[in-house]
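Examination of the molecular architecture
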Amino acid sequence: MAEIIAASHGLVVTQAKDISQSSLALEADVVVIGSGAGGAVAAYELAKAGKSVIVLEAGPYVPSSEFTEDFSQAIVQLYEDKGTQTNADGDLMVLQGRCVGGSTVVNGCVAFRTPDYILDDWQKQYGLTNLTVDALEPYFARVEANLGIHVNPEHEINRNSAVLREGAKKLGISWKPFQRNIRECALTGHCLSGCATDRKQSMLVTYLPWATAHGARIYADTKVTQILAENGKATGVLAEVTDPKTGVKKADVSVKAKLVVLAAGAVQTPLLLQKSKLANSSGQVGKNFACHPSTFVVGQYEEDIHPWRGAMLGIYVDEWAHPSKGGYILEGGGAGAVELSAVTQPGLGEDFMDYMANLKKLAGIVTLIHDHNVGEISWDDDKKKIDYRVAEADYPAMKAAIASAVKLHFASGAKKVYLPTVVHAVVENPAEADAKVAAIELGLQSLRMVSYHPQGTCRMGSDAATSVCTPYGETHDVKNLFITDASLFPTSIIVNPQVTVYTLASYIADYIVQN
Amino acid sequence: MTQNKNKAASDVSAALAPLSRRSVLKTGLWAVAGVSALAAGGFALLRPSPRDSLPVPAGLVHLEAQHYHLFSRLTEILLPTDGTALLPAAQVPVVNHIDGLLDALDPAIRQQLLTGLALFDNAAVVTHFKRFVDLPDADALAYVGDWVNSGVMPKRALGFVVTKLTHTGYWMDSQTWPMVEFDGPVSRRWGIPSRGNQPLPG
Ligand SMILES: Cc1cc2nc3c(=O)[nH]c(=O)nc-3n(C[C@H](O)[C@H](O)[C@H](O)COP(=O)(O)OP(=O)(O)OC[C@H]3O[C@@H](n4cnc5c(N)ncnc54)[C@H](O)[C@@H]3O)c2cc1C
């Protein structure tokens, strides 16, 4: 048998510009919706097992040679809604990738296994008794090997993270270097604009070219509009090809398939099921949305930090990660000029320009909390709606995370700390930290929040009355319709989610092949 | 007079207060500018400004002359560079960049924002008897601060949007980066080769 080899650069993708006919009828064993973390892994594993696979991706194919390393451009080029996706209240940006490779193209490379206590909770609360640490161990190991996941060596810990590490040591709190899915990191600090030199092991340079090497066909600019089912079994999808430059529809597509794998991400997956009127006998489709609402706490130092230089994410503090200790983590995170101009309100006019003039002396901490699954994704006429407000039950974690970040900055040598509030709030010295943080009035338009981690809108569970998918990712209601993306998570997982998605997708793909 | 001003200010707040309802906010951060749909009728272009007759550069797609003058004034107020090593804001096409940023918005939300900008400019007539674009520097800065730090959510949100757009319109310009040692794109400059695709796993 001929050896199967992946292309050395780029991907073979059918794009809108390649399509001249107004309708396309395709057929395959499996149609995969979305080419991000969940879709790409499922596509490769199923193609490798000998199935014919078609991947439909709503976003464009942007080869890494076109990445600009300019965040203002990347957000328009590579992100959902050109980076303007927010919750309904408008106080939380919800970032997702929208391109071939999905969010994995723009993510920060941080790689965590699902915490044991989260898997325990899923077993106890949701009947996911199959997803034990032992059962998932080989899948984690496979993903980690495939994606070059390794602990940051010293040279991948930038100055931003190095100063925070010193502060953590002084405070005697637990910190660790991150693990990341990257090979020979070029230390450019531009992860969120896509890795222009293909060092990040995103789906664009791993599972997708591997899937095509095994015969999978990828269609970009192709948005699935409906999932089809007959007699309780999935039978295929309908989709539309749109020219990304003009927004004009070019073709209707239908794909007939024995199996549909839905991996459009935790916002689009429930929307598609709702539109298709499928898999919702539990009424849970779109419910239980969580997103790790995140803030960026900036400290100003005397020394030069240059927070955009080096690997973007170096170390993290897990002292308070366990839910019994607070349920939040702090991540040492670099950022560029445009991002730093937007994450805080250091004052106006001269105060703002003074903050920016000291840009190279700033260091950042990302806060992530184990939020409750209180949000909901739905249609509001023909527009999507992300109804999510930080639950009052999460206010203590949100404040504790910010307070700990402020303390860590001061312990690390910061001269002042800018709170991530919409209104002006600067902590000038450690003595006023607690009072200033306590004074933050949480509620609408209070914090500058971003979510990088939408999850949980089609949760797995053993009980069909309270969950959308079985413990093996198949929808309870529609046979041969599987979900492999972040919408599967029954609860938020505290840590960055990509490895959990890859692992669940690998596990579900094996289950499909074996059954 | 002060009493009148305070009364007028609370009138503006009152006009905006019911708009903090969830139903009004539902279309997202940008849509809070939609408050103006109610209020702008009362304020719009109440006072002509000498700025109205100043030239407007060609090439703006979304912003009209009044918005251009508003953001020009915001640029002067929010991006002071005199006496600093920063690039003078006047040398940066801030408003053109803002116009470009608006491309990304859903057209309906963009329209609401544009109306909101008119409200922002004209609401100053109630408190200061002048449009925002005509306020002296200190008053103009205080006016923006009043919006940004307001307890009235739509007002705070619109203040947030105008400042964020102005700040981003300046800092997204690569000419501003060398002064703060921000490196910008580096891979090509440094000649870093692409690693390409990872070979298939064994
Ligand atoms: C800026 C950013 C930074 C992040 N950093 C990290 C990190 O450091 N570590 C980490 O673990 N996680 C990180 N994440 C999160 C991580 O990347 C995601 O959790 C993960 O990629 C989710 O996988 P998914 O399959 O659910 O969705 P995605 O990877 O988002 O893929 C969904 C795909 O489906 C496509 N799609 C949507 N609708 C349709 C449709 N109707 N038809 C066809 N295609 C459709 C989308 O365009 C997209 O390409 C980050 C995310 C972002 C946005």
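Residues numbered from 1 in each chain as written. Chains lettered and ligands numbered in written order. Predicted model: local features only at pLDDT ≥ 70, side-chain atom pairs only at ≥ 80, totals over all residues. Heavy atoms only, no water.

What follows concerns the overall build of chain B. Of regular secondary structure, chain B possesses 10 helices and 0 strands. Starting at the N terminus, the α and β elements of chain B follow one another as α-α-α-α-α-α-α-α-α-α. Classification of the 202 residues of chain B by burial places 53% in the buried group. Sequence separation of at least 24 residues holds for 70% of the intrachain contacts in chain B that already meet a minimum separation of 6. Counting every atom, chain B has about 8700 Å² of accessible surface; 58% of that belongs to carbon and sulfur. (Helix = DSSP H or I, 4+ residues; strand = E, 2+ residues; numbered from the N terminus. Buried < 20%, exposed > 50% of the residue type's maximum accessible area, 1.4 Å probe, protein only. Contact = heavy atoms within 4.5 Å. Areas by Shrake-Rupley, 256 points an atom, 1.4 Å probe, with all protein chains shown as cover.)

A word on the overall build of chain A. Looking only at helices and strands, chain A has 12 helices and 21 strands in total. Its C-alpha atoms give chain A a radius of gyration of 22 Å, near enough to 24 Å, the size a compact globule of 515 residues would have. Overall size of chain A, expressed as C-alpha extent along the three principal axes, is 65 × 45 × 45 Å. Across the 515 residues in chain A, those meeting the buried criterion constitute 65%. Look at the contacts in chain A between residues 6 or more apart in sequence, and 75% of them connect residues 24 or more apart. Accessible area for chain A stands at about 17300 Å²; split by element, carbon and sulfur atoms hold 50% of it. (Rg over C-alpha atoms; globule rule 2.2 N^0.38 Å.)

Residue and element names in this part refer to chain A. Applying the stated rule across the entire model yields 33 salt bridges over all chains. A salt bridge links Glu45 to Arg142; the shortest N-O distance between them is 3.0 Å. One end of the pair, Glu45, is in helix H1 (residues 37-48); the other, Arg142, is in helix H4 (residues 133-146), and 97 residues separate them in sequence. On the basis of relative accessible area, Glu45 is assigned to the buried category, the value being 4%. The partner of Glu154 in a salt bridge is Arg165, with the nearest N and O atoms 2.7 Å apart. One end of the pair, Glu154, is in the loop between strand S5 (149-151) and helix H5 (159-171); the other, Arg165, is in helix H5, with 11 residues separating them in the sequence. A single network of salt bridges, built from pairs that share partners, joins Glu45, Lys48, Arg142 and Asp510. (Salt bridge = Lys/Arg side-chain N within 4 Å of Asp/Glu carboxyl O.)

Before going further, it helps to spend a moment on the confidence of the model for chain B. Residue and element names in this part refer to chain B. Residues with a pLDDT of 70 or more make up 77% of chain B, whose mean pLDDT is 80. The least confident element of chain B, judged by mean pLDDT, is helix H2 (residues 22-25) at 35; the most confident is helix H4 (residues 65-78) at 97. The model gives residues 1-45 a pLDDT under 50, and that stretch makes 77 contacts with residues more than four places away or in other chains. Among the prediction metrics, the complex's ipTM stands at 0.95, with pTM recorded as 0.94. (pLDDT = per-residue confidence, 0-100.)

Within the fold, Leu204 of chain A resides in the loop between strand S7 (179-181) and helix H6 (207-213). Separated by 66 residues in sequence, Leu204 of chain A and Pro138 of chain A place their C-alpha atoms 23 Å apart. Every residue in contact with Leu204 of chain A, bar those within four places of it in the chain, is listed here: Leu11, Tyr61, Val62, Phe67, Val100, Val105 and Pro209 of chain A together with Asn197 of chain B.

All names here are of chain A. When strand S2 (residues 23-33) meets strand S11 (residues 249-262), the two strands line up parallel, connected through 10 bridges. What sits directly across from Leu26, in S11, is Val255. Across 4 bridges, S2 lies against strand S3 (residues 53-56) in parallel orientation. Looking at the pairing, Val31 lines up with Ile54 of S3. (Pairing = 2+ DSSP bridges.)

What follows is about the interface of chain A and chain B. The interface is formed by 72 residues belonging to chain A together with 54 residues belonging to chain B. The three residues of chain A that bury the most area against chain B are Leu348, Met353 and Gln445 of chain A, which together make up 13% of that side's buried surface. Where chain A touches chain B, the interface holds 4 salt bridges. Its salt-bridge partner being Lys383 of chain A, residue Asp106 of chain B comes within 3.7 Å of it at the nearest N-O pair. The greatest single-element share of the side of chain A that touches chain B, amounting to 5 residues, is contributed by helix H9 (residues 350-357) of chain A. Its residues assigned to classes, the side of chain A that touches chain B comprises 29 nonpolar, 26 polar and 17 charged. (Buried area = accessible area lost by both parts, 1.4 Å probe. Nonpolar A, V, L, I, M, F, W, Y, C, P; charged D, E, K, R; others polar.)

A separate point is the domain arrangement of chain A. Residue and element names in this part refer to chain A. Annotation of chain A at the domain level lists domain 1 (13-80 + 101-148 + 194-284 + 458-514) and domain 2 (152-182 + 294-370 + 391-442). Inter-centroid distance (C-alpha atoms) of domain 1 to domain 2 is 32 Å. The partner domain 2 presents 18 residues to the 22 residues of domain 1 that form the contact. Roughly 1600 Å² of surface becomes buried between domain 1 and domain 2 when both sides are summed, with 61% attributable to carbon and sulfur atoms. (Domains from an automatic or database assignment.)

Here the focus is the site of the ligand. All names here are of chain A. The environment of the ligand is made up of 38 residues, and the closest members are Gly38, Glu57, Ser103, Val110 and Gln498. Gly38 has a polar backbone atom sitting 2.9 Å from an oxygen atom of the ligand. Interatomic distance of 3.2 Å between a backbone N/O atom of Cys109 and an oxygen atom of the ligand. Computed on the free molecule, the ligand has an accessible area of 1000 Å², of which 97% lies beneath the protein chains in the complex. Where the shell around the ligand is concerned, the elements lending two or more residues are H1, strand S9 (222-230), helix H7 (265-276) and helix H12 (498-514). Considering every element that reaches the shell around the ligand, the biggest residue donor is S9, with 3 residues. In terms of residue class, the shell around the ligand is built from 18 nonpolar, 16 polar and 4 charged. (Near = heavy atom within 4 Å. Polar contact = N/O pair within 3.5 Å; in protein donor to acceptor, adjacent residues only side chain to side chain.)

Glancing now at H9 of chain A. Among the residues making up H9 of chain A, those that are buried are Phe352, Met353, Tyr355 and Met356 of chain A. In an axial view of H9 of chain A, the angular spread of the buried residues amounts to 155 degrees, which keeps them on one side of the axis. Structurally, H9 of chain A contributes buried residues whose contacts are with strand S12 (294-300), helix H8 (337-342), strand S15 (362-369) and strand S18 (416-418) of chain A together with H4 and helix H9 (153-171) of chain B. (Arc of directions from axis to C-beta.)

Side chains of a nonpolar character, in soluble globular proteins, are inclined to be buried together. By size, the foremost hydrophobic cluster in this structure holds 178 residues, and its most contacted members are Ile227 and Leu273 of chain A together with Phe120, Phe132 and Tyr170 of chain B. Composition of this core by domain shows at least three residues from each of domain 1 (13-80 + 101-148 + 194-284 + 458-514) and domain 2 (152-182 + 294-370 + 391-442) of chain A. With sequence-adjacent residues up to four places away left out, Ile227 of chain A is seen in contact with Ile33, Gly236, Val237, Val260, Leu262, Leu272, Leu273, Ser276, Leu278 and Leu481 of chain A. Core analysis: the second largest hydrophobic core is formed by 47 residues, Ala162, Tyr328, Ile440 and Met449 of chain A among them. (Core = buried A, V, L, I, M, F, W, Y, C linked by side-chain atoms within 4.5 Å.)

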